[in-house]
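Chain and residue survey
Okay, here's what each chain looks like letter by letter:
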2 protein chains.
Amino acid sequence: MRAFIVLGHKVPLTPNFSLNDLPGSAGRLDILCRCVTAAFCLSHGIRRDVTVYLVLQNQIVLRLEGSWLKHLNPDERSTAALIQKALKAFRAGGEIESTPGIFVACGSLPDVLKRVTDEGLTVYWLHERGSPMRQAELKPNAAFVLSDHLEFLPEEEAILESLPRLSLGPLSLHADHCIVLAHNELDVRAGLASDRTSV
Amino acid sequence: MRAFIVLGHKVPLTPNFSLNDLPGSAGRLDILCRCVTAAFCLSHGIRRDVTVYLVLQNQIVLRLEGSWLKHLNPDERSTAALIQKALKAFRAGGEIESTPGIFVACGSLPDVLKRVTDEGLTVYWLHERGSPMRQAELKPNAAFVLSDHLEFLPEEEAILESLPRLSLGPLSLHADHCIVLAHNELDVRAGLASDRTSV
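Everything quoted here is computed from the prediction, not taken from an experiment.

A word on the sheet that holds strand β5 (residues 60–65) of chain A
Residues and elements named next belong to chain A. Across the sheet, eight strands lie side by side as β6-β7-β5-β4-β1-β9-β8-β10; this open sheet has mixed pairing. Because the sheet does not close on itself, it has two edges, and the strands there are β6 (96–99) and β10 (165–167). The average angle at which neighbouring strand axes cross in this sheet is 30 degrees, direction not considered. Of the strand pairs in this sheet, strand β1 (residues 2–8) and strand β9 (residues 142–147) are connected by six bridges, and their pairing is parallel. When the bridges of β9 are listed, I5 appears paired with V145. Sheet strands in contact with helix α1 (residues 29–40) are β1, β4 (50–56) and β5, and its direction is about 165 degrees off that of β4. Across the face of the sheet, helix α3 (residues 109–118) comes into contact with β1, β4, β5, β8 (122–132) and β9 while running at roughly 180 degrees to β1.

Description of the sheet that holds strand β8 (residues 122–132) of chain B
All names here are of chain B. Here eight strands make up an open sheet; going across it, the order is β6-β7-β5-β4-β1-β9-β8-β10 and the pairing mixed. Each edge of the sheet is formed by a strand with only one pairing partner; in this case those strands are β6 (96–99) and β10 (165–167). Ignoring strand direction, the axes of neighbouring strands in this sheet form an average angle of 30 degrees. Pairing between strand β4 (residues 50–56) and strand β5 (residues 60–65): six bridges, direction antiparallel. For T51, the partnering residue across the bridge sits in β5 and is E65. Sitting on the sheet, helix α2 (residues 76–89) is in contact with β4, β5, β6 and β7 (102–106), with an inclination near 145 degrees to β6.

Some points on α1 of chain A
Residue and element names in this part refer to chain A. Under the 1.5 Å per step criterion, the end-to-end length of α1 is 17 Å for 12 residues, consistent within 8% with the ideal 16 Å. Across the 12 residues of α1, 12 count as buried, placing the element largely inside the fold. Turning to α1, its buried residues are L29, D30, I31, L32, C33, R34, C35, V36, T37, A38, A39 and F40.

A short note on the packing of aromatic side chains
Residues and elements named next belong to chain A. Under the counting rule described, the total for this entry stands at eight aromatic pairs over all chains. With centroids separated by 5.5 Å and ring planes inclined at 20 degrees, the aromatic side chains of F4 and F144 adopt a geometry described as stacked. On the criterion of sequence distance, the pair formed by F4 in strand β1 and F144 in strand β9 is long-range, its members being 140 residues apart. Seen in terms of ring centroids, W68 and F103 are 6.1 Å apart; in terms of plane orientation they differ by 75 degrees. Their pairing is edge-to-face. Placement of W68 in the loop between β5 and α2 (76–89) and of F103 in strand β7 (residues 102–106) is noted, with a sequence separation of 35 residues between them. Clustering of aromatic rings is evident, with ring pairs tying together F4, Y124 and F144. One residue, R63, lies across the ring of F103, its end atom 4.3 Å from the ring centre.

Scoring rules and cut-offs
- Residues numbered from 1 in each chain as written.
- Chains lettered and ligands numbered in written order.
- Predicted model: local features only at pLDDT ≥ 70, side-chain atom pairs only at ≥ 80, totals over all residues.
- Heavy atoms only, no water.
- Pairing = 2+ DSSP bridges.
- Helix = DSSP H or I, 4+ residues; strand = E, 2+ residues; numbered from the N terminus.
- Axes fitted to C-alpha atoms, helices over the stretch in contact; angles between N-to-C directions.
- Contact = heavy atoms within 4.5 Å.
- Expected span 1.5 Å × (residues − 1).
- Buried < 20%, exposed > 50% of the residue type's maximum accessible area, 1.4 Å probe, protein only.
- Phe/Tyr/Trp six-rings, centres within 6.5 Å; stacked < 30°, edge-to-face > 60°.
- Lys NZ or Arg CZ within 6 Å of the ring centre and 35° of its normal.

In structure tokens:
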């Protein structure tokens, strides 16, 4: 089981944005859409053992569950349309399933961290000044915290500071590219482990 | 110097498509747009030492030069608009620069392979049944050949069969995700090499 927790600092909390302007009026929603694609989309299929949490302005959480997800395509616009539907369906009460596998509710970064920890996942903070992931111990049941195009805020850093920090290379990368690399690291390790078992 | 050669089998040769329908009427142009983003876009900057070749239906080649590229943003729609402009500017004669750093001309996969080889790059075929890249010898001046959502055609395989094949992991991945992984492999190796030099 893997999870990706992506902080969207500027994505609006209402569906009042244009699908033609994801980087502008939608507050860089294009980044979050590419994160969803990187987390779920294989060349010919969906990773079913993945959950993505999009934490919008630390107030609304969209939870996307690979095991139940439907209607997800790899392009930004159609993913943004699913997110827009979720924001339309949002009510201040309990969690609502806006389309199959996409849930929306009030929520914050601490709420999500508690949830994934309760589910038995080890949480890692993807951070430019972390230990190199390739050499790090890494649990197969892992959750990764990432930010959109903005740096982590001081109050977010205070919440995350006790987590192990992992870096992915010498350059500063887009969040969705970090998800690709984290997946690949776990895929390669799992592949090597199964090779060893099969010998 | 790095290059990525991406084969677009269904992208139209004319600009008559809608930016609202990249996966449909634009023949999965969304994939090629994400490839461009993966090839060039860092978190806060552009990789200047990269060239991307988009080979459309083995007839038209768009060449994107990182060293001169302007107006590139990470989202699919704005990249598709640049590609649409290039297809509008295309004439059957010589190469035309449609916007800064984007060149369009008649061309085919063999033309592009000859060009990058003449420039001194070693060409690798990214292939699910290749040798694992992490363990492979890899030249820093490397070009990688990838396909869009479709398998390589038999006539393309015939052209590519003499090239070294490299795989990136145990799963079949999207082309843009392969570009992220190839970049990271070279980044990590270059980082380790510079660490060694600086010791």
